[in-house]
Amino acid sequence: MVDKSSEAMLNGAIPGEMVKRDENLKRGNWSNQIEFILTSVGYAVGLGNVWRFPYLCYRNGGGAFMFPYIIMLVFCGIPLFFLELSFGQFTSQGCLGVWRVNPMFKGVGYGMMVVSTYIGIYYNVVISIAFYYFFSSMTTLLPWTYCTNEWNREDCSSMLDPNRTANISDLSQNISTLLNQTAKRTSPSEEYWNYYVLKLSDGIGDLGEVRLPLLGCLFVAWVVVFLCLIKGVKSSGKVVYFTATFPYVVLTILFIRGITLDGAVTGIKYYLTPQWDKILDAKVWGDAASQIFYSLGCAWGGLITMASYNKFHNNCYRDSIIISITNCATSVYAGFVIFSILGFMAAHLGVDVSKVADHGPGLAFVAYPEALTLLPISPFWSLLFFFMLILLGLGTQIIPTGSLRYDIYTSQPVLPVGNIGHCCR
């Protein structure tokens, strides 16, 4: 017969220390509550915080946009976030099993699975492109710096091209030609994105070719996600110690570098200057609501699945407030990082910040990479930026994918989870 001291040592505990046990022996629980909070922060803080919120804030009234944004957070975001965490924690089930309380609404669970599927496919494609740019940055000269590559067109014009300052004496004689060329200017980063990375076809009737480098990066992205989820919450809970925290280190490094550049203050003013008249526009309130729902990940099923691994008496109300506020604060912080660099880029070009501001893939893979070419040791800053995008994407990606995996696994009527666990021991 094994005494308590020997049993404790077998469970990896120090003799005399109380052994930590999972409340749910069949499914398991988070190893500690920090892992749940970090996983939830990684899930909520994603690519949209970096490439969507700053642009929405600038477009919808700058600092004035914070008012409808906070209102939507308090009255819509936090209550829905708390509701989903409560559902999952109370039932210890995923987004399908939770509806056993009322089978009539099980279709909502299937809808969440469909959303998780779409988000998982979309996010991993973005992660694979970030991997591609990350690998492409491992060079002494970024490939989208100049217009001397085989994929560049005649309209390409680099900000570092010495020809841009040549022939000043002919400027007055060819002013109309110069204006036409400026209007049609395409940056080397834009042509690298369109004609080399994506190799865009002429139209929907031309499917183009399979980009083998991108396919390889997509495979790498799925392998990384698989390794993160190989042991469920026991493995993903350890991964988030890095994926959820290191992006803040990179953001801080980029922020410190950004505010030391010429034009950074102008870019930040453009980002925060309030335009109070836009508060009366219904579209501004709609953008605030959509950003809150999209960023927090409500109704995707991931929140319910994550909370289902909590212990029954965990304070999920406290967790929902901490995670929601951290997510929104990160969005605001990322805006300073983005617009300090864009302000520097606008000052270098001699144009208004609105001419270089962009959102979505246009910001992440065109505007920001072009701005990075102006910095000393540009490959280093490019590596940092795209590594941050990879981590932000992974932090969000592993939750919908893990939720989908769990719901498919537990929806099989013939082989319940418990029996599978016993038969495979």
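Residues numbered from 1 in each chain as written. Predicted model: local features only at pLDDT ≥ 70, side-chain atom pairs only at ≥ 80, totals over all residues. Heavy atoms only, no water.

What to know about the side chain of Thr39
Here Thr39 lies in helix H2 (residues 33-44). By relative accessible area, which is 1% here, Thr39 ends up buried. Leave out the neighbours within four places in its chain, and Thr39 touches Trp30, Ser236, Gly237, Val240, Met306 and Ile399. (Helix = DSSP H or I, 4+ residues; strand = E, 2+ residues; numbered from the N terminus. Buried < 20%, exposed > 50% of the residue type's maximum accessible area, 1.4 Å probe, protein only. Contact = heavy atoms within 4.5 Å.)

Quick notes on the state of the cysteines
A complete count under the given rule lists one disulfide for this structure. Bridging Cys147 to Cys156, the disulfide has an S-S length of 2.0 Å. Residues Cys147 and Cys156 are joined by a disulfide whose S-S torsion is about -70 degrees; by sign, that bridge is left-handed. Residue classification places Cys147 among the partly exposed positions, given a relative accessible area of 21%. In this structure Cys156 comes out as buried when scored by relative accessible area, which is 12%. The thiol of Cys76 is unpaired, and the distance to the nearest cysteine sulfur, on Cys298, comes to 9.6 Å. (Disulfide = S-S within 2.5 Å.)

Concerning the pattern of salt bridges
Here the structure, examined in full by the defined rule, presents five salt bridges. Here Lys238 and Glu35 are joined by a salt bridge, their closest N and O atoms 2.9 Å apart. Here Lys238, found in helix H10 (residues 233-243), pairs with Glu35, found in helix H2; they are 203 residues apart in sequence, far enough to count as distant. One salt bridge in this structure joins Asp287 and Arg59, with 2.8 Å as the shortest N-O distance. Of the two residues, Asp287 sits in helix H13 (residues 282-296) while Arg59 sits in helix H4 (residues 53-59), which places them 228 residues apart along the sequence. For Asp287, a relative accessible area of 11% corresponds to the buried category. Look at the salt bridges and you will find they share partners, linking Arg59, Lys283 and Asp287 into a network. (Salt bridge = Lys/Arg side-chain N within 4 Å of Asp/Glu carboxyl O.)

Quick look at the confidence of the model for the protein
Per-chain confidence: the protein averages 83 in pLDDT, with 84% of residues scoring 70 or above. Note that pLDDT drops below 50 for residues 4-19; the model gives that stretch nine contacts with residues more than four away or on any other chain. (pLDDT = per-residue confidence, 0-100.)

A look at the packing of aromatic side chains
The final tally for this structure, using the stated rule, is 42 aromatic pairs. Judged by centre distance (5.2 Å) and plane angle (35 degrees), the ring pair of Tyr133 and Phe365 falls under tilted. Here Tyr133 is found in helix H6 (residues 106-136), whereas its partner Phe365 is found in helix H16 (residues 361-372), with 232 residues between them in sequence. Owing to a relative accessible area of 2%, Phe365 belongs among the buried residues under this scheme. The rings of Tyr133, Trp144, Trp151, Tyr192, Trp193, Tyr196, Phe365, Tyr368, Phe385 and Phe386 are connected pair by pair, giving a single aromatic cluster. The side chain of Arg52 reaches across the aromatic face of Tyr294, ending 5.6 Å from its centre. Over the aromatic face of Tyr196 sits the side chain of Arg211, whose NZ or CZ is 5.5 Å from the ring centroid. (Phe/Tyr/Trp six-rings, centres within 6.5 Å; stacked < 30°, edge-to-face > 60°. Lys NZ or Arg CZ within 6 Å of the ring centre and 35° of its normal.)

Focus on the packing of helix H9 (residues 212-228) against helix H17 (residues 378-410)
Interhelical geometry of H9 versus H17 gives an angle of 65 degrees and a closest axis separation of 10 Å. Classified by the angle their axes make, H9 and H17 are roughly perpendicular. Crossing hand, H9 versus H17: right-handed. From H9, Trp222, Val224, Val225 and Cys228 reach across to H17, where they touch Leu394, Gln397, Ile398 and Thr401. (Axes fitted to C-alpha atoms, helices over the stretch in contact; angles between N-to-C directions. Parallel < 35°, antiparallel > 145°, perpendicular 65-115°, else oblique. Left-handed = near helix turned anticlockwise from the far one by under 90°.)

Here's the deal with the environment of Gly42
Within the secondary structure, Gly42 is located in helix H2. Looking at Gly42, the relative accessible area reads 7%, which means it is buried. Counting along the chain gives 201 residues from Gly42 to Thr243, while the straight-line C-alpha distance between them is 7.0 Å. In contact with Gly42, not counting residues within four places along its chain, are Ala244, Leu392, Gly395 and Thr396.

Side note on H13
In a regular helix each residue adds 1.5 Å, so 15 residues correspond to 21 Å; H13 covers 21 Å between its end C-alpha atoms and thus fits that length. Of all the residues in H13, the buried ones are Val284, Asp287, Ala288, Ala289, Gln291, Ile292, Ser295 and Leu296. For H13, the secondary structure elements touched by its buried residues are H2, helix H3 (47-51), H4, helix H5 (66-91), helix H14 (302-307) and helix H15 (316-349). Immediately beyond the C-terminal end of H13, within one or two residues, lies Gly297, with a positive phi of roughly 75 degrees. (Expected span 1.5 Å × (residues − 1).)

As for the side chain of Asp407
Looking at the secondary structure, you find Asp407 in helix H17. Overall, the relative accessible area of 1% leaves Asp407 in the buried class. Every residue in contact with Asp407, bar those within four places of it in the chain, is listed here: Gly94, Cys95, Leu96, Met113 and Thr305.

Some thoughts on the environment of Gly46
For Gly46, the location among the structural elements is in the loop between H2 and H3. Judged by its relative accessible area of 3%, Gly46 is buried. Not counting the four nearest positions on each side in its chain, Gly46 is found in contact with Tyr123, Leu392 and Thr396.

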